[in-house]
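Descriptive structure summary
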Amino acid sequence: ALVLDTRNAVDFHKGFIPNSINIGLKGDFAPWVGAMIVDVQQPLLLVCDKDCEEETITRLSRVGFDNVLGYLEGGFEAWQNAGKEIDSIKRISPQQLEEEYTKNSKILDVRKPTEYQAEHLEIAQSLPLSDINEWSSQLDKDQHFYIHCAGGYRSMIAASILNSRGIRNFTEVEGGYNKIKETALPKTQFVCPNSNN
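What you see is a predicted model; the values in this text were computed from it and never measured. Residue positions within a chain follow its written sequence, with the count starting from 1. This being a predicted model, a pLDDT of at least 70 is required before a residue's local features are given, and a value of 80 or more before pairs of side-chain atoms are given or counted; all residues contribute to the totals for chains, interfaces and linings. Heavy atoms throughout the structure, all of them, feed into the side-chain values; hydrogens and water do not.

Let's talk about the overall build of the protein chain
Along the protein chain, the regular secondary structure elements total nine helices and nine strands. As a reference, a globule follows 2.2 Å times the number of residues to the power 0.38, and the radius of gyration itself is taken over C-alpha atoms. Taking 2.2 N^0.38 as the reference for a compact globule, 197 residues should give roughly 16 Å; the C-alpha atoms of the protein chain span a radius of gyration of 17 Å, in line with that estimate. In terms of principal-axis extent, the alpha carbons of the protein chain reach across some 50 × 40 × 30 Å. Per-residue accessibility, obtained with a 1.4 Å probe over protein chains only, is compared with the maximum for each type, and a residue is labelled buried under 20%, exposed over 50%, and partly exposed between these values. Residues counted as buried form 46% of the 197 residues belonging to the protein chain. Helix and strand definitions follow DSSP, with helices as H or I runs of at least four residues and strands as E runs of at least two, each counted in order from the N terminus.

Here's the deal with the sheet that holds strand β7 (residues 124–126)
In spatial order, the strands read β5-β9-β8-β6-β7; together these five strands make up an open sheet with parallel pairing. Because the sheet does not close on itself, it has two edges, and the strands there are β5 (91–92) and β7. In this scheme, strands are said to pair when DSSP sees at least two bridges between them. Pairing geometry for strand β6 (residues 107–109) and strand β8 (residues 145–148), over three bridges, is parallel. Across the sheet, residue Ile 107 finds its bridge partner in β8, namely Tyr 146. Of the strands in this sheet, β5, β8 and β9 (170–173) touch helix α8 (residues 153–164), which is tilted by about 160° from β9. Contacts: residue pairs with any heavy atoms within 4.5 Å of one another. Here the axes come from fitting lines to C-alpha atoms, over the contacting stretch only for helices, and the angles between their N-to-C directions go from 0 to 180 degrees.

Describing the pattern of salt bridges
In the sections that follow, a salt bridge refers to a side-chain nitrogen of Lys or Arg positioned within 4 Å of a carboxyl oxygen of Asp or Glu. All chains considered together, the criterion is met by eight salt bridges. Residue Lys 179 is joined to Glu 182 by a salt bridge in which the shortest nitrogen-to-oxygen separation is 4.0 Å. Assessed through its relative accessible area of 42%, Lys 179 is described here as partly exposed. Glu 182 sits in the exposed class, given a relative accessible area of 57%.

As for the pairing of β8
Side-chain alternation along β8 places Phe 145 and Ile 147 on one buried face and Tyr 146 and His 148 on a second face that is also buried. Strand direction decides the pairing type here: β8 and β9, joined by three bridges, are parallel. Across the sheet, Phe 145 pairs through a bridge with Phe 170, a residue of β9.

Describing the packing of helix α2 (residues 29–37) against helix α3 (residues 53–62)
Interaxial distance between α2 and α3 falls to 9 Å at its minimum, and their mutual angle equals 60°. Put simply, α2 runs oblique to α3. Judged by the twist between their axes, the crossing of α2 over α3 is right-handed. Here Phe 29, Ala 30 and Val 33 of α2 lie close against α3, whose contacting residues are Thr 56, Arg 59 and Leu 60. Ten residues, namely Ala, Val, Leu, Ile, Met, Phe, Trp, Tyr, Cys and Pro, are considered nonpolar, four, namely Asp, Glu, Lys and Arg, are considered charged, and the remaining ones, Gly among them, are considered polar. When grouped by side-chain class, the residues that make up the contact of α2 with α3 number four nonpolar, one polar and one charged. Any angle that falls under 35 degrees is termed roughly parallel, while one over 145 is termed roughly antiparallel, one within 65 to 115 roughly perpendicular, and all others oblique. Note: crossing handedness is left-handed where the near helix turns anticlockwise from the far helix by less than a right angle, and right-handed where it turns clockwise.

Details of unusual backbone geometry
The phi angle at Asn 19 is positive, at roughly 70°, despite the residue not being glycine. Here Asn 19 shows up in the loop between α1 (9–12) and β2 (21–22). Exposure remark for Asn 19: the relative accessible area of 48% places this residue in the partly exposed category. Despite not being glycine, Val 38 has its phi angle at roughly 60°, a positive value. Within the fold, Val 38 resides in the loop between α2 and β3 (44–47).

Structure below.
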């Protein structure tokens, strides 16, 4: 069974059940579940915020995911209080990224190609979240990298998937490109996505 943690990225990164995948209920939940899990027969165990269990099961069912084995009673807090093993994702602010940044830093931008083309960090590589199954196996496990999306929702999905596959040599950037834009990090010129250039 796959442990699907539907809490928001801010809570998830601080602590979660090892190998669980984070797709936050407050976001494009159903489309990303469909894109990332694919197999509607996949047995699921849920970790939800208090009183969100029913909504989660209903929303999963609407997109064909009916094989929910159950949810963790008392949520993640109950797991933590029971003294069970927990994992976490290293998350930093855009300001910390700016401090750690060198021209040799490796930065993965998991936004859609159109978002990347509109504007991105000069040294960032475009690796869309939707293609994670293709690119995750090609990552250099010895080279540290940073990962971001537009606001932190998709990059935490990517971070949880990479982490569950044993890829742990990365740091996720809180607030994504929306906040990175406010730093002095070198960016490309903005190109309006609707222009013909």
